[in-house]
Amino acid sequence: MSKLHVQALHVHPVKSVAGTAPDEVAVEPWGLSGDRRWAVIDPEGTVLTQRRHARLALASARPLGGGRIALTAPGMAELLVEVPDPGPLEPVSLFGKKVETVVAARAAADWFSAFLGVPVRLVHLDDPAVRRPVDPDYALPGEMVSLADGYPLLLTTLASLDALNSLIAQGDHPEEGPLPMDRFRPNVVVSGAEAWAEDGWQRIAIGGTLLRGARECGRCVVTTTDQRTGERGREPLKTLARHRRIGKSLAFGRLLVPLGPGMLHVGDEVRILA
């Protein structure tokens with residue numbers, strides 16, 4: 001049996017915005033360091049994602065250290081955004097649940113509003129240790145998450161992407177494949193596994209970092225969005241619905257929760273413990 005390794009790491013500082021692919025990154029209890037600590041909200045305080053605003057895919061956020069980020073997008077000047085000073089908490093709605101955040105400087109609101117063409121603001125998750133628990137149906141006591149969809153980390157494998165692309169090629173819309181991994185916006189991409197093996201991973205070690213598998217990742221319309229153009233298609237959801245329905249989920253990838261702090265590196269060995 002071939003060894004499993006980390007093929008790539010991905011950090012997305014702003015929810016639903018393109019991120020970076022570092023060679024190494026720290027693991028915190030609520031996710032990779034700097035991952036999904038910022039989000040764009042509408043005037044009603046609802047967090048915006050590519051589900052409603054596919055154009056978010058065309059913007060990019062780069063971590064600068066100390067929590068600061070640099071924003072870039074087509075037709076926009078680069079903007080450096082500082083972590084906001086402690087201040088009044090702004091309750092926002094994320095998938096119908098309240099999360100308290102801190103509003104970023106007005107310049108960030110103006111930047112995103114100009115890019116999206118609608119009035120929005122940028123908010124920051126100031127204290128992920130207390131703000132948002134993991135879904136209690138799948139959590140252990142005290143587990144927390146950033147502004148990610150619901151769990152601290154998302155793991156995918158190259159073999160499963162290859163298998164999915166083969167199914168797409170045999171399906172009703174072969175012209176839409178093959179799809180790149182960025183459609184699934186993972187944190188950790190693993191090489192060397194068999195296709196769909198991650199479905200059963202309950203406990204893994206990446207280098208010296210321990211993580212538990214919480215559940216499969218149910219996919220949404222974001223996966224149909226070309227991350228380079230913002231255009232929507234029908235795949236992979238059509239194929240996932242036919243071949244990868246697990247319970248109510250159209251499944252691709254494994255959602256993970258750290259069992260302790262650590263560091264991840266591209267090239268780390270991945271060991272399946274249970």
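Numbering of residues starts from 1 in each chain and follows the order in which that chain's sequence is written. Local features in this predicted model are restricted to residues of pLDDT 70 or higher, and side-chain atom pairs are both shown and tallied only at a pLDDT of 80 or more, whereas totals for entire chains, interfaces and linings draw on every residue. The basis for the side-chain values is all heavy atoms of the structure; hydrogens and waters are excluded.

Quick look at the overall build of the chain
For step 1, the next point in the chain: Put simply, DSSP marks the helices as runs of H or I at least four residues long and the strands as runs of E at least two long, and each gets a number from the N terminus on. Helix and strand content of the chain: four helices and 18 strands.
For step 2, the next point in the chain: Taking 2.2 N^0.38 as the reference for a compact globule, 274 residues should give roughly 19 Å; the C-alpha atoms of the chain span a radius of gyration of 18 Å, in line with that estimate.
For step 3, the next point in the chain: Taken along the three principal axes of its C-alpha coordinates, the chain extends 55 × 40 × 35 Å.
For step 4, the next point in the chain: For each residue, the accessible area found with a 1.4 Å probe, counting protein chains only, is set against the maximum for its type, and the residue is called buried under 20%, exposed over 50%, and partly exposed in between. Going through the 274 residues of the chain one by one, you find that 50% of them count as buried.
For step 5, the next point in the chain: For the chain, long-range pairs separated by at least 24 residues make up 68% of all intrachain contacts whose partners lie at least 6 apart in sequence.
For step 6, the next point in the chain: Surface accessibility in these figures is a Shrake-Rupley result with a 1.4 Å probe; residues are shielded only by whichever protein chains are displayed. Surface exposure of the chain reaches about 12,000 Å², of which carbon and sulfur atoms provide 53%.
For step 7, the next point in the chain: Neither His nor the chain termini are counted; the positive set is Lys and Arg, and the negative set is Asp and Glu. For charged residues, the charge sits on one atom: NZ in Lys, CZ in Arg, CG in Asp, CD in Glu. Counting 31 positive and 32 negative side-chain charges, the chain places the centres of these two groups 4 Å from one another. Only the C-alpha atoms count toward the radius of gyration. The rule for a globule is 2.2 Å times the residue count to the power 0.38. Residues count as neighbours in contact if any of their non-hydrogen atoms are within 4.5 Å of one another.

Notes on the packing of aromatic side chains
For step 1, the next point in the chain: Under the pairing criterion, centres of Phe, Tyr and Trp rings, with the six-membered ring standing for Trp, must be within 6.5 Å; the plane angle then separates stacked pairs below 30 degrees from edge-to-face pairs above 60, leaving the rest tilted. Inspection of the entire model under this criterion finds five aromatic pairs.
For step 2, the next point in the chain: Centre to centre, the rings of Trp-196 and Phe-252 are 6.0 Å apart; their planes meet at 85°, and the pair counts as edge-to-face. Of this pair, Trp-196 sits in the loop between strand S12 (188-191) and strand S13 (203-206) while Phe-252 sits in strand S16 (residues 249-258), placing them 56 residues apart in sequence.
For step 3, the next point in the chain: Only Lys NZ and Arg CZ are tested; either one counts as a charge over a ring when it is within 6 Å of the ring centre and within 35 degrees of the ring normal. In this structure, Arg-55 is placed above the aromatic ring of Phe-115, and the distance from its NZ or CZ to the ring centre is 4.0 Å.
For step 4, the next point in the chain: A cation over a ring is seen here: Arg-215 above Tyr-138, with NZ or CZ 4.5 Å from the ring centre.

Topic: unusual backbone geometry
For step 1, the next point in the chain: Of the consecutive residues Gly-177 and Pro-178, the connecting peptide bond is found in the cis state with omega at -10°.
For step 2, the next point in the chain: The peptide bond linking Glu-235 to Pro-236 adopts the cis configuration, its omega dihedral lying at 15°.
For step 3, the next point in the chain: With respect to the secondary-structure elements, Pro-236 resides in the loop between strand S14 (209-218) and helix H4 (237-243).
For step 4, the next point in the chain: Its identity is not glycine, yet Arg-185 carries a phi of approximately 50°, on the positive side.
For step 5, the next point in the chain: With respect to the element layout, Arg-185 can be found in the loop between helix H3 (158-169) and S12.

Brief notes about the pairing of S12
For step 1, the next point in the chain: Pairing between two strands is assigned when DSSP locates at least 2 bridges connecting them. Across four bridges, the pairing between strand S1 (residues 4-9) and S12 is antiparallel. The partner of Leu-9 across the bridge, within S12, is Val-188.
For step 2, the next point in the chain: Where strand S11 (residues 153-157) and S12 come together, three bridges link them in parallel fashion. Directly across from Thr-156, in S12, lies its bridge partner Val-189.
For step 3, the next point in the chain: Note on handedness: a clockwise path from strand one over the helix to strand two, with the strands aimed away from the viewer, defines a right-handed crossover. Running through H3, the crossover from S11 to the neighbouring parallel element S12 is right-handed.

A closer look at the environment of Phe-115
For step 1, the next point in the chain: As for its placement among the helices and strands, Phe-115 is situated in helix H1 (residues 106-116).
For step 2, the next point in the chain: Sequence separation between Phe-115 and Ala-73 is 42 residues; the distance between their C-alpha atoms is 7.7 Å.

A closer look at the sheet that holds strand S3 (residues 31-32)
For step 1, the next point in the chain: Taken together, the three strands give an open sheet; going across it, the order is S3-S2-S17, and neighbouring strands pair in antiparallel fashion. The outermost strands of the open sheet, each flanked by one partner alone, are S3 and strand S17 (262-265).

With respect to the sheet that holds strand S7 (residues 76-81)
For step 1, the next point in the chain: In spatial order, the strands read S5-S6-S7; together these three strands make up an open sheet with antiparallel pairing. For this open sheet the edge positions go to strand S5 (60-65) and S7, each flanked by a neighbour on one side alone. Sheet twist, expressed as the average angle between the axes of neighbouring strands with direction ignored, equals 20°.
For step 2, the next point in the chain: Here S5 pairs with strand S6 (residues 68-73) via five bridges, running antiparallel. Directly across from Gly-65, in S6, lies its bridge partner Arg-68.
For step 3, the next point in the chain: Only the contacting stretch of a helix is used when fitting its axis, a line to C-alpha atoms as for every element, and angles between N-to-C directions run 0 to 180 degrees. Helix-sheet contacts for H1 involve S6 and S7, and the interaxial angle to S7 is about 150°.

Here we look at the pattern of salt bridges
Two side chains with opposite charge may pair up if their charged atoms get near one another.
For step 1, the next point in the chain: A pair is scored as a salt bridge if a Lys or Arg side-chain nitrogen falls within 4 Å of a carboxyl oxygen belonging to Asp or Glu. Tallying each qualifying case throughout the model produces 17 salt bridges.
For step 2, the next point in the chain: Taking the shortest distance from any N to any O, the salt bridge between Arg-234 and Glu-175 comes out at 3.5 Å. Taken as a pair, Arg-234 in the loop between S14 and H4 and Glu-175 in the loop between H3 and S12 lie far apart in primary sequence, 59 residues in all.
For step 3, the next point in the chain: Here Glu-216 makes a salt bridge to Arg-215, at a shortest N to O gap of 3.0 Å.
For step 4, the next point in the chain: If you follow the salt bridges from partner to partner, you end up with Lys-15, Arg-51 and Asp-149 in one network.

With respect to the nonpolar core
For step 1, the next point in the chain: Residues grouped as a nonpolar core are buried Ala, Val, Leu, Ile, Met, Phe, Trp, Tyr and Cys residues, joined through side-chain atoms within 4.5 Å. By size, the foremost hydrophobic cluster in this structure holds 21 residues, and its most contacted members are Val-14, Val-40, Leu-71, Val-81, Phe-112 and Leu-122.
For step 2, the next point in the chain: At the level of secondary structure, the elements contributing two or more residues to this core comprise strand S4 (38-41), S6, S7 and H1.
For step 3, the next point in the chain: At five residues, the largest contribution of residues to this core is made by H1.
For step 4, the next point in the chain: When residues no more than four places from it in sequence are discounted, the contact partners of Phe-112 are Val-14, Val-17, Val-40, Leu-56, Ala-59, Leu-71, Gly-117, Val-120 and Leu-122.

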